[in-house]
2 protein chains.
Amino acid sequence: MTMNTGSREAILAAARRSAQTHGYNGLNFRDLATEVGIKAASIYYYFPSKADLGAAVARRYWEDTSAELEAIRTDTPDPLMCLLRYPEIFRRSLENGNRLCLGSFMSAEQHDLPETVKHEVQTFADINVAWLDTVISAINGVFPNSTGRARAIFAAVSGAQLLARSRSDITVFDEVIENYREVGLLK
Amino acid sequence: MTMNTGSREAILAAARRSAQTHGYNGLNFRDLATEVGIKAASIYYYFPSKADLGAAVARRYWEDTSAELEAIRTDTPDPLMCLLRYPEIFRRSLENGNRLCLGSFMSAEQHDLPETVKHEVQTFADINVAWLDTVISAINGVFPNSTGRARAIFAAVSGAQLLARSRSDITVFDEVIENYREVGLLK
DNA sequence: CAACGGTTATCTATCAGTTGGTAGGTGGGT
DNA sequence: ACCCACCTACCAACTGATAGATAACCGTTG
């Protein structure tokens with residue numbers, strides 16, 4: 001009942017990469033297995049169904065993101081600097097094979113997502129908004145409807161990534177983020 | 001060689017609705033045919049392949065959007081009011097069955113899109129950015145890198161729609177857009 | 001020490017359902 | 001008689017999923 005964590009982790013990592021490129025719908029067991037270097041049926045030893053794999057990938061995704069966000073807060077005492085570093089997380093996906101945020105891709109697919117997967121995707125958005133809410137409240141002091149502002153920042157940065165990816169041009173991302181900053185959205 | 005425009009238009013309309021809900025990947029001939037009230041094979045009478053159908057849908061989509069944008073400019077002389085009305089277009093998709101902008105969905109799927117479809121998706125983004133560029137230049141006078149600002153607005157509004165759709169809550173869209181306005185992104 | 005038995009991790013083989021796509025027929029309007 | 005619009009019937013490829021074999025490992029036992 002221990003399970004080889006090496007294989008399990010390798011499957012999770014490859015599935016994440018694939019889902020960030022092709023979505024949940026485009027994720028398939030044969031290509032995934034080939035990528036990992038095993039056979040398709042072996043995946044079922046670790047994940048009883050595609051829905052379970054998808055949910056595990058999405059859960060791990062927001063857990064990793066949450067850790068990255070905490071790391072920013074730890075490394076960067078100034079909350080304004082934290083906020084300005086927020087787009088880094090989305091930029092990294094573009095750097096790493098022009099990939100989309102898993103949360104964005106699965107949000108688009110939400111109508112065809114198993115309930116368990118949808119729930120993890122929701123949580124991804126929630127932890128982003130909560131972090132942003134905390135940070136902008138630290139910058140400006142607690143103010144009315146800071147959550148609305150946090151959602152606006154999250155939506156805007158997600159959109160920037162989507163546009164930059166469609167152009168396969170990371171400078172578009174930087175340019176859009178810079179415009180957000182100039183306009184005062186990131187403060 | 002005339003072709004029944006009724007059927008062709010019905011296929012295009014149903015395919016658009018399906019693609020805005022399930023994406024290009026989730027679009028399939030059998031469900032599409034059922035929706036239209038014909039048989040799957042009949043679609044091939046109008047569109048020789050899925051790629052051709054997808055390209056036709058995407059093309060029609062940006063043509064329709066372009067017409068809507070022109071209508072705003074015609075109905076609304078004040079360019080600032082035009083800009084404030086821009087989100088209406090994205091809001092409409094949410095009102096209409098919580099659907100996503102076809103450009104956004106296909107942008108996400110871009111890695112699995114036939115070249116012809118990708119090209120039309122690109123054009124959709126281009127006409128949006130061009131319209132926004134014209135409008136904000138009319139508001140503020142021609143200014144440096146207005147295209148960058150136009151891209152920022154397009155990205156932000158797209159992101160707002162994606163987030164609101166994932167929540168199935170149109171008030172999230174309105175709230176985010178209002179934040180963009182307050183912050184001065186929509187000016 | 002060597003043989004044994006069970007657990008772990010993986011495989012081969014196969015299935016049923018779905019998909020895009022094709023061949024060729026049919027019926028109604030002109 | 002023709003041809004437009006649509007049909008039935010089918011195929012090959014791909015999908016998620018299952019059943020059952022197998023090989024490596026590992027502590028226990030004769």
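Preceding block: the structure.
A brief look at the structure comes next.

Reading guide: rules and limits
- Residues numbered from 1 in each chain as written.
- Chains lettered and ligands numbered in written order.
- Predicted model: local features only at pLDDT ≥ 70, side-chain atom pairs only at ≥ 80, totals over all residues.
- Contact = placed C-beta atoms within 7 Å.
- Helix = DSSP H or I, 4+ residues; strand = E, 2+ residues; numbered from the N terminus.
- Nonpolar A, V, L, I, M, F, W, Y, C, P; charged D, E, K, R; others polar.
- Buried ≥ 20, exposed ≤ 12 C-beta atoms within 10 Å, placed from the backbone.
- Arc of directions from axis to C-beta.
- Axes fitted to C-alpha atoms, helices over the stretch in contact; angles between N-to-C directions.
- Parallel < 35°, antiparallel > 145°, perpendicular 65-115°, else oblique.
- Left-handed = near helix turned anticlockwise from the far one by under 90°.

Comments concerning the interface of chain A and chain B
The partner chain B presents 38 residues to the 38 residues of chain A that form the contact. For the side of chain A that touches chain B, the elements supplying multiple residues, two or more each, are helix H1 (5-26), helix H7 (102-108), helix H8 (115-140), helix H9 (146-166) and helix H10 (170-183) of chain A. Per element, the largest residue contribution to the side of chain A that touches chain B is 14 residues, and it comes from H9(A). Looking at the side of chain A that touches chain B residue by residue, the classes come out as 17 nonpolar, 15 polar and six charged.

As for unusual backbone geometry
Glycine aside, residues mostly have negative phi, and peptide bonds are mostly found in the trans state. Despite not being glycine, A:Asn98 has its phi angle at roughly 50 degrees, a positive value. Checked against the element boundaries, A:Asn98 lands in the loop between helix H6 (87-95) and H7. For A:Asn98, a count of 18 C-beta atoms within 10 Å corresponds to the partly exposed category. The phi dihedral of B:Ser168 falls on the positive side, at around 50 degrees, and the residue is not glycine. Following the sequence through the fold, B:Ser168 ends up in the loop between helix H9 (146-167) and helix H10 (170-183).

Here we look at H6(A)
Residue and element names in this part refer to chain A. For H6, the complete set of buried residues consists of Pro87, Phe90 and Leu94. Viewed end-on, H6 has its buried residues packed into an arc of 70 degrees, placing them on one side of the element. Facing away from the buried side of H6 by more than 90 degrees, the exposed set consists of Glu88, Arg92 and Glu95. Taken from the residues just after H6, Gly97 is the one with a positive phi, measuring 80 degrees.

What to know about the packing of H1(A) against helix H2 (residues 29-36) of chain A
Residue and element names in this part refer to chain A. The N-to-C vectors of H1 and H2 enclose an angle of 125 degrees; their axes lie 9 Å apart at closest approach. If you check the angle between H1 and H2, you find them oblique. Once H1 is placed against H2, the crossing between them reads as right-handed. For the pair H1 and H2, the contacting residues are Ala10, Ile11, Ala14, Ala15 and Ser18 in the first and Asp31, Leu32, Glu35 and Val36 in the second. Grouping the constituent residues of the contact of H1 with H2 by class yields six nonpolar, one polar and two charged.

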